[in-house]
There are 4 protein chains.
Amino acid sequence: MIVVLKNETPKEQEENLINWFENQGITVHISKGEYNTVLGLIGDASRIDTDLIEGLEIVQNVTHITEPFKKANRKFHPDDTVIDCGGGVLIGGGHFQFIAGPCSVESPSQITEIARAVHNSGAKLLRGGAFKPRTSPYDFQGLKAEGIELLSEAKKETGMPIVTEIMNANHLPLFENVDVIQVGARNMQNFELLKELGKIDKPILLKRGLANTLKELLMSAEYIMAGGNEKIILCERGIRTFETYTRNTLDLSAVPMLKSLTHLPIVIDPSHACGVSKLVEPMAMAAAACGADGLMIEVHNDPVHALCDGPQALTPEQFDKVARKVMAIREII
Amino acid sequence: MIVVLKNETPKEQEENLINWFENQGITVHISKGEYNTVLGLIGDASRIDTDLIEGLEIVQNVTHITEPFKKANRKFHPDDTVIDCGGGVLIGGGHFQFIAGPCSVESPSQITEIARAVHNSGAKLLRGGAFKPRTSPYDFQGLKAEGIELLSEAKKETGMPIVTEIMNANHLPLFENVDVIQVGARNMQNFELLKELGKIDKPILLKRGLANTLKELLMSAEYIMAGGNEKIILCERGIRTFETYTRNTLDLSAVPMLKSLTHLPIVIDPSHACGVSKLVEPMAMAAAACGADGLMIEVHNDPVHALCDGPQALTPEQFDKVARKVMAIREII
Amino acid sequence: MIVVLKNETPKEQEENLINWFENQGITVHISKGEYNTVLGLIGDASRIDTDLIEGLEIVQNVTHITEPFKKANRKFHPDDTVIDCGGGVLIGGGHFQFIAGPCSVESPSQITEIARAVHNSGAKLLRGGAFKPRTSPYDFQGLKAEGIELLSEAKKETGMPIVTEIMNANHLPLFENVDVIQVGARNMQNFELLKELGKIDKPILLKRGLANTLKELLMSAEYIMAGGNEKIILCERGIRTFETYTRNTLDLSAVPMLKSLTHLPIVIDPSHACGVSKLVEPMAMAAAACGADGLMIEVHNDPVHALCDGPQALTPEQFDKVARKVMAIREII
Amino acid sequence: MIVVLKNETPKEQEENLINWFENQGITVHISKGEYNTVLGLIGDASRIDTDLIEGLEIVQNVTHITEPFKKANRKFHPDDTVIDCGGGVLIGGGHFQFIAGPCSVESPSQITEIARAVHNSGAKLLRGGAFKPRTSPYDFQGLKAEGIELLSEAKKETGMPIVTEIMNANHLPLFENVDVIQVGARNMQNFELLKELGKIDKPILLKRGLANTLKELLMSAEYIMAGGNEKIILCERGIRTFETYTRNTLDLSAVPMLKSLTHLPIVIDPSHACGVSKLVEPMAMAAAACGADGLMIEVHNDPVHALCDGPQALTPEQFDKVARKVMAIREII
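The residue numbers shown here count from 1 along each chain, following its written sequence. For this description, chains carry letters from A and ligands carry numbers from 1, given in the order in which they are written. Where local features are concerned, this predicted model is filtered to residues with pLDDT of at least 70; where side-chain atom pairs are given and counted, the filter is 80 or more; whole-chain, interface and lining totals use all residues. The side-chain figures draw on all heavy atoms in the structure; neither hydrogens nor water molecules are used.

Undergrad: Give a description of the interface of chain D and chain C that names residues and reports values.
TA: The interface of chain D with chain C comprises 52 residues on the first partner and 52 residues on the second. The working definition used for a salt bridge is a side-chain nitrogen of Lys or Arg within 4 Å of a carboxyl oxygen of Asp or Glu. Taken together, the connections running from chain D to chain C amount to 2 salt bridges. Note that R240(C) is salt-bridged to E216(D), the shortest N-O span being 2.6 Å. Counted as a polar contact is a pair of N or O atoms within 3.5 Å, where, for protein atoms, one must be capable of donating a hydrogen and the other of accepting one, and residues adjacent in sequence contribute only when both atoms are in side chains. Applying the counting rule to chain D against chain C returns 19 residue pairs in polar contact (both at pLDDT 80 or more). By the criteria applied, helices consist of DSSP H or I runs no shorter than four residues and strands consist of E runs no shorter than two, each listed in order from the N terminus. Broken down by element, the side of chain D that touches chain C gets its largest block of residues, 5 residues, from helix α6 (residues 214-226) of chain D. Think of it as three bins: nonpolar holds Ala, Val, Leu, Ile, Met, Phe, Trp, Tyr, Cys and Pro, charged holds Asp, Glu, Lys and Arg, and polar takes everything else, Gly as well. Considering only residue class, the side of chain D that touches chain C consists of 20 nonpolar, 17 polar and 15 charged. Whether two residues are in contact is decided by their heavy atoms, any of which lying within 4.5 Å being enough.

Undergrad: Give a detailed account of the confidence of the model for chain A, specifying residues and quantitative values.
TA: Residues and elements named next belong to chain A. Taken residue by residue, chain A gives an average pLDDT of 90. The fraction at 70 or more is 95%. Counting interchain partners and residues more than four positions distant, the pLDDT-below-50 stretch residues 306-310 has 16 contacts. In the predicted assembly, ipTM is 0.90 and pTM is 0.92. pLDDT expresses how confident the predictor is about each individual residue, on a scale running from 0 to 100.

Undergrad: Any chance you could break down the relation of the copies chain A and chain D for me, citing the residues and the numbers?
TA: Overlaid copies result from least-squares superposition on C-alpha atoms, with residues included only where pLDDT is at least 70 in both. With an RMSD of 0.1 Å, the operation that places chain A on chain D is a rotation of 180° combined with a shift of 0.1 Å along the axis. Seen this way, the second copy is the image of the first under a two-fold rotation axis. The rotation axis passes nearest to the C-alpha of F242(A) in chain A, at a distance of 2.7 Å. Mapped onto chain D, 100% of the interface residues of chain A are again interface residues, and the two copies thus contact each other with one and the same surface.

Undergrad: Talk me through the environment of N16(A); I want residue IDs and the actual numbers.
TA: All names here are of chain A. Checked against the element boundaries, N16 lands in helix α1 (residues 11-23). Given a relative accessible area of 33%, N16 falls into the partly exposed group. Taking the C-alpha atoms as reference points, N16 and A185, separated by 169 residues in sequence, lie 42 Å from one another. Think of it in three bands: with a 1.4 Å probe and only protein chains considered, a residue is buried below 20% of the maximum accessible area for its type, exposed above 50%, and partly exposed in between.

Undergrad: Any chance you could break down the interface of chain A and chain D for me, citing the residues and the numbers?
TA: Contacts between chain A and chain D engage 20 residues on the former and 20 residues on the latter. Computed with a 1.4 Å rolling probe, the buried area is the accessible surface lost when two parts are put together, summed over both parts. Summing both sides of the interface, chain A and chain D together bury roughly 1600 Å²; the carbon and sulfur share of this comes to 62%. Counting across the chain A and chain D interface gives 0 salt bridges. Inspection of the chain A/chain D interface yields 0 residue pairs in polar contact (both at pLDDT 80 or more). When residues of the side of chain A that touches chain D are traced back to their parent elements, those giving at least two are β1 (2-5), β2 (27-32), β3 (37-42) and β4 (59-63) of chain A. The residue makeup of the side of chain A that touches chain D, split by class, is 7 nonpolar, 10 polar and 3 charged.

Undergrad: Describe the sheet that holds strand β4 (residues 59-63) of chain D, listing the residues and the values that go with them.
TA: Residue and element names in this part refer to chain D. DSSP calls a pair of strands paired once it identifies at least 2 bridges connecting them. If you trace the 4 strands from one edge of the open sheet to the other, you get β2-β3-β1-β4, paired in antiparallel fashion. Of all the strands in the sheet, just β2 (27-32) and β4 have a single pairing partner and so form its edges. Here the average twist between neighbouring strands, direction ignored, is 20°. Fitted lines through C-alpha atoms serve as axes, helices being fitted only where they are in contact, and the angles separating the N-to-C directions of these axes extend from 0 to 180 degrees.

Undergrad: So, the side chain of N229(B): which residues are in play, and what are the values?
TA: Residue and element names in this part refer to chain B. On the secondary structure map, N229 appears in the loop between α6 (214-226) and β12 (232-236). Residue class for N229 comes out buried when judged on its relative accessible area of 2%. One polar contact links the side chain of N229 to the main-chain carbonyl oxygen of I200, over a distance of 3.3 Å. Leaving out residues up to four positions away in the same chain, N229 has contacts with L197, G198, I200, K202, I204 and I224.

Undergrad: If you had to explain the sheet that holds strand β14 (residues 294-298) of chain C to someone new, which residues and values would you point to?
TA: Residue and element names in this part refer to chain C. An order of β7-β8-β9-β10-β11-β12-β13-β14 is seen for the 8 strands of this closed barrel, with the pairing classed as parallel. Strand after strand, the sheet turns through a mean of 30° between neighbouring axes, direction not considered. As paired strands, strand β9 (residues 162-166) and strand β10 (residues 180-183) are joined by 4 bridges and run parallel to one another. Following the sheet pairing, E165 is matched in β10 by Q182. The strands touched by helix α4 (residues 145-158) within the sheet are β8 (125-127) and β9, with β9 carrying the most contacts at an inclination of about 165°.

Undergrad: I'd like to hear about the packing of helix α3 (residues 108-120) of chain D against helix α4 (residues 145-158) of chain D, residue by residue, with values.
TA: Residue and element names in this part refer to chain D. Contact geometry for α3 and α4: axes closest at 9 Å, N-to-C directions at 40°. On the basis of their axis angle, the class for α3 and α4 is oblique. The way α3 lies across α4 gives a crossing that is right-handed. Counted together, P108, I111, T112, A115, R116 and H119 of α3 and L150, L151, A154, E157 and T158 of α4 form the full contact between these two elements. Each angle gets one of four labels, with under 35 degrees taken as roughly parallel, over 145 as roughly antiparallel, 65 to 115 as roughly perpendicular, and the rest as oblique. Should the near helix be turned anticlockwise from the far one by less than a right angle, the crossing is termed left-handed; should it be turned clockwise, right-handed.

Undergrad: Break down the relation of the copies chain D and chain C for me, citing the residues and quoting the values.
TA: One copy of the chain maps onto the other through a rotation about an axis followed by a shift along the same axis. For the pair chain D and chain C, the superposition axis carries a translation of 0.1 Å, the fit reaches an RMSD of 0.1 Å, and the rotation angle comes to 180°. A share of 98% of interface residues in chain D that are also interface residues in chain C marks the association as one of identical surfaces.

Undergrad: Please provide a residue-by-residue account of the domain arrangement of chain A, values included.
TA: Often, the extent of an interface is quoted as the loss of accessible area on bringing the components together. Looking at chain A, the domain boundaries give domain 1 (2-63) and domain 2 (83-332). Centre-to-centre, using C-alpha coordinates, domain 1 of chain A lies 44 Å away from domain 2 of chain A. Note that the domain bounds were set by an automatic or database domain assignment.

Undergrad: Outline helix α9 (residues 280-289) of chain A, listing residues and values.
TA: Residues and elements named next belong to chain A. Of all 10 residues in α9, 10 are buried; the element is thus mostly enclosed. Along α9, the residues that are buried comprise V280, E281, P282, M283, A284, M285, A286, A287, A288 and A289. Of the residues flanking the end of α9, it is G291, one or two places downstream, whose phi is positive at about 105°.

Undergrad: Help me get a handle on the environment of G87(D), residues and values and all.
TA: Residue and element names in this part refer to chain D. Here G87 is to be found in the loop between β5 (83-84) and β6 (90-91). By relative accessible area, which is 81% here, G87 ends up exposed. In this structure, the C-alpha to C-alpha distance between G87 and T27, residues 60 residues apart in sequence, is 50 Å.

Undergrad: Describe the pattern of salt bridges, with residues and values.
TA: Counted according to the given criterion, the structure contains 72 salt bridges over all chains. Among the ionic pairs, R208(D) bridges to E236(D), the shortest N-O distance being 2.8 Å. A residue pair is termed long-range when its members are at least 10 positions apart, and R208(D) in the loop between β11 (204-207) and α6 and E236(D) in strand β12 (residues 232-236) qualify at 28 residues. For E236(D), a relative accessible area of 1% gives the class buried. Residues participating in the shared-partner salt-bridge network are R208(A), E236(A), D251(A) and E243(C).

Undergrad: Residues and numbers for unusual backbone geometry, please.
TA: Of note in this structure, K144(A) is not a glycine but carries a positive phi near 55°. Take K144(A): its relative accessible area is 34%, and that puts it in the partly exposed class.

Have a look at this one:
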């Protein structure tokens with residue numbers, strides 16, 4: 001950490017700050033320029049609260065020499081992490097996967113039929129919501145435990161590992177058969193949940209929060225990894241901006257940027273980001289073109305959706321077409 | 001709910017949608033204009049997924065006749081809610097309170113000395129962090145249970161009810177002595193936590209998430225209220241914008257806007273919003289001038305902060321000055 | 001326009017509003033539901049100030065039946081517009097172009113050498129800044145008229161049509177030799193400039209403002225088109241969000257969304273959006289994959305940039321590699 | 001300027017960069033720490049393009065010792081600037097003013113009646129739009145020259161100096177009778193317009209752009225001041241965020257933050273920020289409480305507005321009430 005002091009800093013305050021650092025067991029390398037004093041902190045600065053130091057009246061600015069994430073940092077782990085999602089299905093390090101399925105699990109026939117269809121089109125992982133985070137307490141909250149059972153049956157039928165969202169660490173016993181546990185955007189900074197997921201041995205699909213920076217996403221991954229579970233799949237699903245034609249703004253530059261910062265795989269969820277099915281195909285292709293390790297896509301087979309071909313989910317036929325186009329792009333890059 | 005269909009909608013699709021609504025037990029009032037068909041849904045539309053309907057290709061737009069929050073809605077509860085925070089300290093309905101104390105509880109002398117000082121300046125509620133949500137797993141996470149014990153001792157000494165943050169519903173047994181339980185910005189949409197807080201009988205101070213709308217804040221209040229606990233104090237603490245001189249942007253228009261939407265009290269936390277102590281005084285005064293029911297202000301008495309007078313916390317002397325000015329403004333309005 | 005009135009609206013106010021509409025020459029179709037009155041406005045509602053109506057206390061909500069842009073609207077012009085940029089270089093309707101060149105025109109050898117290099121790699125349009133919008137009045141403002149002359153010479157040498165930015169309609173006489181006139185992000189809503197560009201007969205490359213919605217971008221295109229000049233090329237170059245690793249957030253969903261809303265061609269500028277050269281290649285490929293009609297890419301050949309290979313511009317060799325990869329993607333889609 | 005180089009920087013690249021700086025006439029003070037090399041640039045670094053340096057691969061980070069604005073900087077001009085708006089009406093340095101009037105000038109009786117009314121309530125400056133920036137080319141663009149004439153007549157009648165918006169420097173001859181020239185939010189970075197306003201001798205009311213930082217606002221003020229006109233009044237009028245209940249989010253922390261950064265006066269426009277009249281009073285009071293030098297408030301007297309008491313404008317009676325409350329708050333602070 002490098003701390004630049006303001007040029008008018010009184011000598012006494014400067015010395016007080018240096019003493020305080022040294023009392024924390026940190027060596028301070030002082031460099032006096034014509035205008036400013038620059039303090040280079042050497043040693044374990046991790047217990048120093050950066051916000052506190054940055055807020056001090058005498059401090060011009062604080063520069064981090066290294067990123068605050070360690071285990072997720074590509075600098076210390078140059079090779080791509082490859083994650084085994086169960087049944088030999090790999091993500092990362094050149095392994096690309098489709099994670100497809102309905103928004104919510106609704107019935108045995110619904111989930112099994114969709115599972116078969118997307119499997120035929122090349123999807124190796126089945127998604128489906130059992131516990132649903134809803135803005136309103138009066139909205140349908142998912143089939144919960146029953147939903148996970150239905151997913152498990154579809155898994156038996158098709159051999160596809162299953163991906164579903166957790167909202168409460170107390171529910172973990174219900175997730176024994178789940179292959180990849182998803183942390184939703186609203187829980188990205190539910191640190192208590194992240195800590196519990198750090199203690200288990202299953203891949204975690206961690207979604208970026210609606211208004212979280214990439215650094216915060218990596219720090220949340222770090223929470224899980226610090227606990228011992230290093231099997232993290234990052235997921236960009238759109239951020240909140242002022243634009244109103246799309247529900248959220250899909251930040252595809254997150255893919256190459258995260259690739260340079262971390263060794264963890266990155267998948268894109270174009271369905272939730274845009275909120276309109278006609279954008280799923282072009283954004284899926286764009287995600288593949290800029291190097292994503294996978295795509296998470298909503299597929300439905302029910303009549304309400306079929307009625308009008310509008311919402312964010314694709315029909316199995318549409319998904320099949322998207323999957324082919326994406327694979328063609330994958331071949332080029 | 002009013003659903004406006006696009007003007008080129010095929011008759012068959014229109015009928016399919018109307019049938020689907022009717023199958024959900026909803027009466028549909030159809031009004032055909034020169035250009036558009038407008039459907040007025042009558043009955044319990046709460047199980048209808050608005051996002052789904054809005055996403056349909058044939059739908060132009062969906063209008064809600066009533067806000068989705070019921071128990072928090074001023075329309076149905078015109079009178080201000082007054083919340084008893086313990087020891088006869090009231091917030092709301094004309095009762096204004098300062099909630100003051102350090103960011104983190106650090107030691108018995110620290111918390112007790114600050115408590116005495118802010119109490120002398122007119123604060124009736126003591127705040128202090130025991131469980132601290134930190135972006136990095138390597139940062140200090142608070143004294144936890146010990147921190148709550150220290151708060152309890154300061155409460156004994158001063159008689160001030162205490163306010164502290166919860167991050168995990170499993171910690172509730174530790175909060176027996178806590179008078180007001182705070183839900184932090186990052187947990188505003190931790191619906192599982194909100195549901196558990198709906199089952200207890202203590203006031204909840206619910207902070208607005210960094211990128212959450214006022215409607216989402218009210219829906220999160222509704223989660224707690226739907227469970228039976230209607231003692232909610234809302235708190236605006238700054239939202240995430242593009243501005244960089246301030247840490248967050250304090251949205252003071254939230255005060256009068258929330259006042260018109262809900263009967264719940266609203267307090268402002270100017271310390272976290274701005275991240276610099278020199279803004280605390282003017283923003284506290286502005287909050288009082290536009291009708292806030294209280295102020296949550298960080299006060300410190302330790303040498304690191306005292307060293308330079310920079311960060312977001314005030315000294316007890318500064319707090320005393322702010323409290324006087326705020327009370328003068330309160331007298332006018 | 002459909003106006004939904006609040007359910008508690010007094011009859012007299014409702015009648016006053018209807019009278020007021022009728023006095024503006026508008027026919028009002030009234031539909032009374034159980035809860036709400038819905039007014040359908042028929043006739044030329046273009047002189048009605050929507051914001052005014054939406055702000056009225058008795059109005060629940062205002063819905064536009066048609067988008068406010070007419071000439072830019074795909075609904076009324078289903079076929080893609082193909083724009084001739086001079087010298088037979090076409091953009092739109094399946095014609096894809098690279099617009100490449102340096103950020104600023106600096107010297108005859110600089111611009112001519114870069115022009116030759118990018119031309120060899122497949123770029124058909126030469127870009128280069130002569131008038132530079134700078135945040136600070138003390139920063140270099142470009143070579144101005146001399147810069148345009150240097151571009152003209154490079155055009156003579158290579159036959160490439162040239163693209164450069166205008167900041168002031170009074171400079172138009174200097175742009176006689178310019179083939180495509182660029183309007184920068186900061187001038188997207190400089191309506192006086194847009195009006196003047198509506199009177200000339202040259203293609204306009206209109207960049208989206210940093211915080212402007214797609215609807216506002218199309219309304220600005222409409223300003224130029226309403227004046228008679230329908231040769232508009234839209235350009236997405238990144239929007240302002242809270243993310244800090246990238247300078248701006250490139251909104252690629254703008255490509256398919258704009259394609260559905262308008263017949264005008266859309267190009268992507270990945271150089272400015274991200275602010276780091278390593279993101280230019282993946283974002284250029286993603287833009288091609290989701291259907292962009294062209295790419296605007298900064299290319300340099302000077303030693304400061306070459307020194308460290310960091311900033312947003314590519315070397316001619318890097319550009320050549322990107323162009324090949326993009327063309328491979330173009331072949332698939 | 002302080003440039004921190006990355007710790008792995010090759011010696012040759014470091015030397016190349018230092019040589020390049022020295023060739024620009026800058027003295028480089030080199031400080032080598034254990035991990036990093038820190039370059040302190042001494043001399044006129046204003047011609048250095050910070051973005052370019054920051055983007056270099058070998059550069060960790062660039063710190064500005066001084067803010068890029070000079071003439072607007074409080075550090076170099078510690079005393080508040082007091083601006084004479086004509087007729088002895090002062091703003092800044094303790095002088096607080098109401099700028100009131102209709103959104104658009106519509107007729108002689110409208111503007112004169114409103115002028116008289118607001119004058120009676122204590123407003124010393126009359127506002128009214130003659131040239132109106134409208135998102136749509138098909139919307140009413142204002143009475144233009146005729147609007148300015150009507151304002152001039154109201155000025156004659158009441159003695160109030162007038163404030164109105166300019167959109168095109170070519171219109172300056174029409175503004176001879178205008179006392180304070182407003183630059184709207186959309187033109188805040190229309191640098192060509194700012195340069196022309198730097199050459200005249202009239203106060204400029206400069207509105208913050210919808211998505212512009214405070215630093216950018218000050219740099220735009222600097223554009224005008226650099227040309228010789230130092231009579232700038234800054235105006236905050238709401239920024240674009242994700243919140244939808246209010247049209248924009250009024251950033252009141254801009255008031256104390258700007259006060260610490262600049263000596264220029266700051267006024268608040270609560271009418272445009274919120275878009276609903278019921279928020280004007282509380283936000284006006286909050287603005288006064290946090291130290292604003294003035295308020296710009298829309299007042300109407302026409303039947304469409306009067307009809308329903310909804311939109312952002314106040315009636316003269318409402319304005320009178322707001323003005324009294326604001327003055328009471330002014331007396332405290």
